[in-house]
Amino acid sequence: MPLEDGDPVRPRGRQVNGEVSGTPRLRGMGDPSLRGTAAPGGSRTEVMAEGREPGPALGDGDVSPGGAPQRAGQHEEALMTELSELVQKVVKSSSWWERHGVDISILACSFLLLPAGFLCLRSAQAIPFLAGVLTLGMVHHTLAVKGSHLASHNALTESKSWGKVWAIFFIELCSAFTVEQATYNHVKIHHGYTNVIGLGDSSTWKLPFLNRYVYMFIAPLAVPILTPLVALDLLRNVEWKAALRTLCCLFLGFYCHYWLLLHVSGFQSPWSALLCMLLIRSLLAHPYIHVNIFQHIGLPMFAADRKPKRIHLMSLGVLNLPRNALLDWSFGHSLISCHVEHHLFPSLSDNMCLKIKPIVSQYLKQKKLPYNEDTYSSRLRLFLQRYEELMVHAPPITELVGIQ
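Rules behind the numbers
- Residues numbered from 1 in each chain as written.
- Predicted model: local features only at pLDDT ≥ 70, side-chain atom pairs only at ≥ 80, totals over all residues.
- Heavy atoms only, no water.
- UniProt positions renumbered as here; feature names shortened; annotations may be inferred.
- Helix = DSSP H or I, 4+ residues; strand = E, 2+ residues; numbered from the N terminus.
- Salt bridge = Lys/Arg side-chain N within 4 Å of Asp/Glu carboxyl O.
- Buried < 20%, exposed > 50% of the residue type's maximum accessible area, 1.4 Å probe, protein only.
- Patch = residues over 30% accessible without salt bridge, like charges linked within 9 Å, V, L, I, M, F, W, Y side chains within 5 Å.
- Areas by Shrake-Rupley, 256 points an atom, 1.4 Å probe, with all protein chains shown as cover.
- Axes fitted to C-alpha atoms, helices over the stretch in contact; angles between N-to-C directions.
- Parallel < 35°, antiparallel > 145°, perpendicular 65-115°, else oblique.
- Contact = heavy atoms within 4.5 Å.
- Nonpolar A, V, L, I, M, F, W, Y, C, P; charged D, E, K, R; others polar.

Per an unreviewed UniProt entry, the protein goes by the name FADS6 desaturase and belongs to Drymodes brunneopygia.

Enquirer: Break down the UniProt feature "transmembrane region" (unreviewed entry) in the protein for me, citing the residues and quoting the values.
Expert: Summarizing the sequence annotation, UniProt attributes the feature "transmembrane region" (unreviewed entry) to residues 213–235, 242–260 and 272–291 in the numbering used throughout. Overall, residues 213–235 shows 78% helix and 0% strand. The separation of its end C-alpha atoms is 32 Å. The span residues 272–291 is 85% helical and 0% strand by assignment, and the distance between its end C-alpha atoms comes to 30 Å.

Enquirer: Residues and numbers for the pattern of salt bridges, please.
Expert: Inspection of the entire model under this criterion finds 12 salt bridges. The salt bridge partner of K164 is E180, with a shortest N-O separation of 3.4 Å. Placement of the pair is K164 in helix α4 (residues 160–174) and E180 in helix α5 (residues 179–191), with a sequence separation of 16 residues. Its relative accessible area of 37% is what places K164 among the partly exposed residues. What makes E180 buried here is its relative accessible area of 6%. Among the ionic pairs, R386 bridges to E389, the shortest N-O distance being 3.0 Å. Judged by its relative accessible area of 16%, E389 is buried.

Enquirer: Tell me what's going on with a nonpolar patch on the surface, and back it up with residues and numbers.
Expert: Together, I225, L226, L229, V230, L232 and L247 make up an exposed nonpolar region whose accessible area comes to about 510 Å². Here the element with the most residues in the nonpolar patch is helix α7 (residues 223–234); it accounts for 5 residues. As for its placement among the helices and strands, I225 is situated in helix α7. Residue I225 is classed as partly exposed on the basis of its relative accessible area, which comes to 46%.

Enquirer: How would you explain the packing of helix α3 (residues 126–152) against helix α9 (residues 270–281) if you had to name every residue and give the values?
Expert: Where α3 meets α9, the closest approach of the two axes is 8 Å, and the angle between their N-to-C directions is 60 degrees. With respect to α9, the element α3 is oriented oblique. The segment α3 lies against α9, with V133, L136, G137, H140 and H141 engaging L279, I280 and R281. Here the contact of α3 with α9 is composed, by residue class, of 4 nonpolar, 3 polar and 1 charged.

Written as structure tokens, this is what we have:
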């Protein structure tokens, strides 16, 4: 459940491979007054269709860069349509195994590792015990992060009914959050208004009262505790039936984990079992927080009434990290090395995002659009050096000038 004081930030879409054409010039436009609205009770999952603009425009509407907004807007929509057609050809030619089977198999393998992990914790020797912690930590984050993320976008199945079942299982039972709020905040707001100030600007990950080292290296340990507490607070915004279902799933998920530690792993003390549960659930909490802030914060931000069209919004405001075996398995490609592809086509599975990555990257670079990539270590250094600017002060709004 994620720098020195100085002048306002002037973020630029960072590019690699020598691509610098089309980089926007930025000019601060003042602080916005727009804030996000609360999710309606019982709000349902809404997955953005490929090639369509995010949710309804707020304020005065989109303003495209250049001297002819309407003509530029039509050009951008044509670019998104062309890219969507290229991607759709790949999707239609892909088998069920490629579209869903690979990711379902990864989740299934994680389930199969559960008995080995709990049995390893029975050992009094350090190495088998640590192996059990590592195994269960990996399994938990695969189910809670990868499973929940895919389920929130209905990317595990083409059936809406089964999609709802998997969303409840992965989001509520495994990750201790409520489906309605998770899908509203992530799918409708974050994806619909990526890097739009007051809406999808990732500000929920900011804790400005913490210093950089506490936030980056200590606070993530509290994620397993804070996540259900935040979920309980958000239950005020959902229907009573959904709230009751969430409470039952949260209790069942925690109790099953606790019971298995006592009766299968052989913990003698309730407190030792709870401490081990915290250790398991926070094993990858640091990269979880880091990934959530690295891939959006520090990139261009926009006002709701002056945001670019979808293809520019996603290419400017989203960043890919390099492939990493540990994080690819537990978080999924769409959250690590294919985040740009995921934001452009959010209903695709992790494996399909990886498959279309060469097409998307080549197309954006060919059209001289940003394709942001950076390393994990580079982003970590950036956030430690500029923590005050990026995570404490309000980001400036980007004015797009001369995007081709």
